[in-house]
Amino acid sequence: MNDRKEVRFAAVGDLHCNEASAGTLRGFFAQACEAADALLLCGDLTDYGTPKEAKVLADELSIVSVPVIAVLGNHDYECNVADEVRRTLQGAGVQVLDGEAVEVHGIGIAGAKGFAGGFGRASLGSWGEGAIKQFVNEAVQEAFKLESALAKLRTPHRIALLHYAPIAGTVQGEPPEIYAFLGSSRLEDPLLRYPVDMVVHGHAHRGALQGRTMGGTPVYNVAKPLLQRTFPDQPPFRLLRLPAQAQIAPGA
Ligand SMILES: [Fe+2]
Ligand SMILES: [Fe+2]
């Protein structure tokens, strides 16, 4: 039993749920509910972003008894019906964040999908062809979404929930040629202005488990394939803990 001195989050990304996943995720979700007070899903919830895949995932999630907070990933956009995927999951009680913030057991969670573009001095700049500027602008807009979500939170402890990586540290292990497609340093900027206790993301299936922002905040890559490969004997979620908000004594 958890005495709520802490809040436990089971975090995982890249479930890539497809129609063949029906009946296969319930056991995993049951284990996650048993271990944690809330579930964080870091995008690529479905494989091709089809309404049928979203329905399968919603059905699998029906046994979950704790709050579920999610962002979508690039795969959830593939069939151009991301809004329908979002609504289906919302119908199953999932809080799908796209530049919004929620509070769960007194912990603030700000979520956005994020986007690609590269890291540090190798970041793609907004220069030249219109298509390049549009690409860079997409990452900038996602960073704005994360910033506006973070700005809304007043909780003492906060988590940033992303699909794409905000730092290069957690994509290491992937081929260097594709780093630029795995995340963007533009997502790190808001994290320096609005500090959080931790960042969770997915997308880099072959990346590194953990890194830190320039401000020292821990960043966890919880892509399911990475967790399965690293911890083959454990259910594929990362259990993360934060102190619970102090209860205010009656009359205080
Ligand atoms: Fe993925
Ligand atoms: Fe992805």
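Since this is a predicted model, take the numbers as computed values, not measurements. For every chain, the first residue of the written sequence is number 1, and numbering continues from 1 onward in sequence order. For this description, chains carry letters from A and ligands carry numbers from 1, given in the order in which they are written. Selection of residues for local features in this predicted model requires a pLDDT of at least 70, selection of side-chain atom pairs for listing and counting requires 80 or more, and totals for whole chains, interfaces and linings are taken over all residues. Note: side-chain values were computed over all heavy atoms of the structure, leaving out hydrogens and water.

Draft legend 1. Region of the structure containing the overall build of the protein. What the protein contains, in helices and strands, is six helices and eleven strands. Put simply, the radius of gyration uses C-alpha atoms, and a globule should come to 2.2 Å times the residue count raised to 0.38. On C-alpha atoms alone, the protein measures out to a radius of gyration of 17 Å, which is about the 18 Å that the 2.2 N^0.38 rule sets for 252 residues. Dimensions along the principal axes, computed over C-alpha positions, put the protein at roughly 60 × 50 × 35 Å. By definition in these notes, contact holds between two residues if any of their heavy atoms fall within 4.5 Å. Of all intrachain contacts in the protein linking residues separated by at least 6 positions in sequence, the fraction that spans at least 24 positions is 75%. Runs of E in the DSSP output that reach at least two residues are strands. Runs of H or I that reach at least four are helices, and both are numbered from the N terminus.

Draft legend 2. Molecular detail of the coordination of the iron ion (ligand 1). In this analysis a donor is any N, O or S atom within 2.8 Å of a metal ion (3.2 Å for sodium, potassium and calcium), and since water is not included, sites may seem incomplete. Taken together, the protein ligands of the iron ion (ligand 1) are Asp14 (OD), His16 (NE2), Asp44 (OD) and His205 (NE2), with distances of 2.0 to 2.3 Å. For the iron ion (ligand 1), the donor residues sit on a single chain with the sequence spacing D-x1-H-x27-D-x160-H. The metal-metal distance between the iron ion (ligand 1) and the iron ion (ligand 2) comes to 3.5 Å, with aspartate 44 coordinating both. Each residue is assigned to one of three classes by its accessible area relative to the maximum for its type, calculated with a 1.4 Å probe on protein chains only: buried under 20%, partly exposed between the two thresholds, exposed over 50%. Residue histidine 16 is classed as buried on the basis of its relative accessible area, which comes to 14%.

Draft legend 3. Region of the structure containing the coordination of the iron ion (ligand 2). Protein-derived coordination of the iron ion (ligand 2) comes from Asp44 (OD), Asn74 (OD1), His163 (NE2) and His203 (ND1), at a distance range of 2.1 to 2.2 Å. For the iron ion (ligand 2), the four donor atoms in the first shell make angles of 88 to 152° at the metal, a pattern classed as irregular. On the accessibility criterion, aspartate 44 (1% relative accessible area) is buried. Tetrahedral means four donors with every angle between 85 and 135 degrees, whereas square planar (four donors) and octahedral (six donors) require angles over 155 degrees between opposite donors and between 65 and 115 for all others; sites fitting neither are termed irregular.

Draft legend 4. Here's a closer look at the packing of aromatic side chains. Ring pairs are drawn from Phe, Tyr and Trp, using the six-membered ring of Trp, whenever the two centres fall within 6.5 Å, and their geometry is named by plane angle: stacked under 30 degrees, edge-to-face over 60, tilted for the rest. All told, the structure shown has four aromatic pairs when counted by the stated rule. Consider the rings of phenylalanine 115 and tyrosine 164, whose centres lie 6.0 Å apart with planes at 55°: the pair is tilted. On the criterion of sequence distance, the pair formed by phenylalanine 115 in the loop between strand 6 (107–111) and helix 4 (130–152) and tyrosine 164 in the loop between strand 7 (158–161) and helix 5 (189–193) is long-range, its members being 49 residues apart. Charges are assigned to positions over rings by a cutoff of 6 Å between ring centre and Lys NZ or Arg CZ, combined with an angular limit of 35 degrees from the ring normal. For the cation-ring pair, lysine 113 lies above tyrosine 77, with the distance from its terminal atom to the ring centre recorded as 5.5 Å.

Draft legend 5. Quick peek at the sheet that holds strand 6. The pairing criterion is simple: DSSP has to find at least two bridges between the two strands. Pairing within the open sheet is mixed, and its six strands lie in the order 5-6-7-8-10-9. The two strands at the open ends of the sheet, each matched to only one other strand, are strand 5 (100–104) and strand 9 (210–212). Adjacent strand axes in the sheet meet at a mean angle of 25° when their direction is disregarded. Alignment of strand 8 (residues 198–201) against strand 10 (residues 218–221), held across three bridges, turns out to be parallel. Note that in strand 10 the partner of histidine 201 across the bridge is asparagine 221. Between N-to-C directions, angles span 0 to 180 degrees; the directions come from axes that are lines fitted to C-alpha atoms, helices contributing only their stretch in contact.

Draft legend 6. Quick look at the pairing of strand 7. Residue alternation in strand 7 divides its side chains into two sets, Arg158 and Ala160 and Ile159 and Leu161, and both sets are buried. Sheet topology note: the strand 6/strand 7 ladder contains four bridges and is parallel. Bridge pairing in strand 7 links alanine 110 to alanine 160. Look down the strands so they point away from you; if the path from the first strand over the helix to the second goes clockwise, the crossover is right-handed. Once you follow strand 6 into helix 4 and on to strand 7, the crossover reads as right-handed. Sheet topology places strand 7 next to strand 8; three bridges connect them, and they run parallel. Residue pairing for strand 8: leucine 161 is matched across the bridge by valine 200.

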